[in-house]
Amino acid sequence: MPEKVEYDQMITVFRTESGQTERVSLEDYVAGVVAGEMPSSFEMEALKAQAVAARTYAISKIQRSGDSGFPKEHPMAALCDSTHCQVYRTPKELLELKSEEWMESGWAKIKEAAEETRGQLMYYQGSLVEQPLFHSSSGGKTENSEDVFVAAVPYLRSVDSPYEQEATHQSEKTFFTWGEFQKKLKSAYPKSNFGTLNANSIKIISRSQGGRVEKIQVGNEVLEGRNIRDACNLYSANFNIERNSSGIEFTTMGYGHGVGMSQWGANGMAENGSDYREILTHYYSGVEIY
Ligand SMILES: [Zn+2]
């Protein structure tokens with residue numbers, strides 16, 4: 001077994017609102033990220049999986065910035081407290097956002113999830129996992145990393161995510177008239193010439209293994225599904241289309257980019273008896289946790 005990564009017990013976080021850095025213990029930081037990224041009502045094993053993912057992300061980012069320097073977005077620290085890195089909240093901020101009652105129940109539960117996985121990180125073939133990506137829900141199947149982003153990452157493979165029945169935004173319908181749709185595309189892609197858009201000029205050409213739209217014909221242009229997702233603010237690029245003379249309706253499955261751990265899928269697995277290690281090794285292919 002490769003040597004366990006050693007890390008400083010205190011880490012530095014750049015606070016976006018104050019523009020200052022703060023020193024915080026790693027485990028308090030991990031709990032503050034879980035509170036920022038997952039509802040405390042989720043199952044304990046799902047919270048623990050999120051805690052290991054959050055800790056792994058943090059340590060990996062700190063290690064990498066030792067080689068390549070701090071990110072240009074926050075040159076004072078390896079980590080910030082926003083979605084740029086991971087959302088992090090202090091107990092004081094959580095008390096303001098939530099309630100005293102929540103601190104006694106939800107926060108206590110989240111602290112326990114961090115504590116019970118204290119120091120544990122994910123490794124792939126002996127190296128620390130650099131991209132423990134997660135999303136809200138996949139729509140039934142997660143994505144290969146290269147189908148959504150650029151690089152093929154060996155532990156970010158498309159896997160089934162069968163327990164998302166309780167997920168929010170599982171199936172969402174969004175309708176645009178042809179005029180509205182044309183306007184959205186025009187503002188996202190001002191240099192493109194789509195031509196006239198109507199029921200006959202739109203066609204899904206190909207899909208990824210996880211079900212997201214890869215290529216879609218839009219008038220004279222071919223776009224990627226995620227281009228449509230961004231331009232039209234859809235919940236995901238995993239969608240079906242229905243069109244008629246007045247416009248186009250998208251039905252999206254899941255919420256988010258679909259790569260790595262599905263949070264709702266993790267909660268569903270926990271409800272069905274899986275522990276956090278089973279959840280993590282399901283969504284991150286071939287990883288080890290220690
Ligand atoms: Zn950041």
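To be clear, the structure that these remarks concern was listed above.
Residues numbered from 1 in each chain as written. Predicted model: local features only at pLDDT ≥ 70, side-chain atom pairs only at ≥ 80, totals over all residues.

1. Some remarks on the sheet that holds strand E2 (residues 20–25)
Quick note on the threshold: Pairing between two strands requires that DSSP report at least two bridges joining them. Helix and strand assignments follow DSSP, with helices taken as H or I runs no shorter than four residues and strands as E runs no shorter than two, numbered in order from the N terminus. Residues are treated as contacting if the C-beta atoms built from their backbones sit within 7 Å of each other. For every element, the axis is a line fit to its C-alpha atoms; helices are fit only across the contacting stretch, and the angle between N-to-C directions ranges from 0 to 180 degrees.
Across the sheet, 3 strands lie side by side as E2-E1-E3; this open sheet has mixed pairing. If you trace the sheet from one side to the other, it starts and ends with E2 and strand E3 (79–80), each paired once. As paired strands, strand E1 (residues 10–15) and E2 are joined by 6 bridges and run antiparallel to one another. Paired with Met10 across the two strands is Ser25, which belongs to E2. Here helix H1 (residues 26–37) sits on the sheet in contact with E1 and E2, set at roughly 105° to E2.

2. Thoughts on the nonpolar core
Applicable threshold: By our criterion, buried Ala, Val, Leu, Ile, Met, Phe, Trp, Tyr and Cys residues that link up through C-beta atoms within 7 Å make up a nonpolar core. Residues with at least 20 other C-beta atoms within 10 Å of their own are called buried, those with 12 or fewer are called exposed, and the rest are partly exposed. The C-beta atoms themselves are positioned from the backbone.
Grouped together as the largest cluster of nonpolar side chains are 53 residues, with contacts concentrated most on Val34, Ala49, Leu79, Ile279 and Leu280. Each residue touching Leu280, except ones within four places of it in the same chain, is listed here: Ala49, Val52, Met122, Val287 and Ile289. Grouped together as the second largest cluster of nonpolar side chains are 13 residues, Leu185, Leu197, Leu223 and Ala237 included.

3. Quick word on unusual backbone geometry
In the Ramachandran plot, Gln125 falls in the positive-phi region, its phi being about 45° despite a non-glycine side chain. Following the sequence through the fold, Gln125 ends up in the loop between strand E4 (122–124) and strand E5 (127–128).

4. Some words on the environment of Tyr123
By the element assignment, Tyr123 lies in strand E4. Judged by the 19 C-beta atoms lying within 10 Å of it, Tyr123 is partly exposed. Along the chain, Tyr123 and Met261 lie 138 residues apart, while their C-alpha atoms are 15 Å from each other. If sequence neighbours within four positions are ignored, Tyr123 has contacts with Leu128, Val129, Val287 and Glu288.

5. Digging into the packing of helix H6 (residues 178–188) against helix H7 (residues 225–232)
The condition is simple: Our angle categories are set so that under 35 degrees counts as roughly parallel, over 145 as roughly antiparallel, 65 to 115 as roughly perpendicular, and the remainder as oblique. Throughout, the ten residues Ala, Val, Leu, Ile, Met, Phe, Trp, Tyr, Cys and Pro are labelled nonpolar, Asp, Glu, Lys and Arg are labelled charged, and all others, Gly among them, are labelled polar.
Their axes nearest at 9 Å, the elements H6 and H7 cross at an angle of 105°. When the axes of H6 and H7 are compared, the pair comes out roughly perpendicular. Each of Lys184, Leu185 and Ala188 in H6 lies in contact with H7, whose residues at this interface are Asp230, Ala231 and Cys232. When grouped by side-chain class, the residues that make up the contact of H6 with H7 number 4 nonpolar, no polar and 2 charged.

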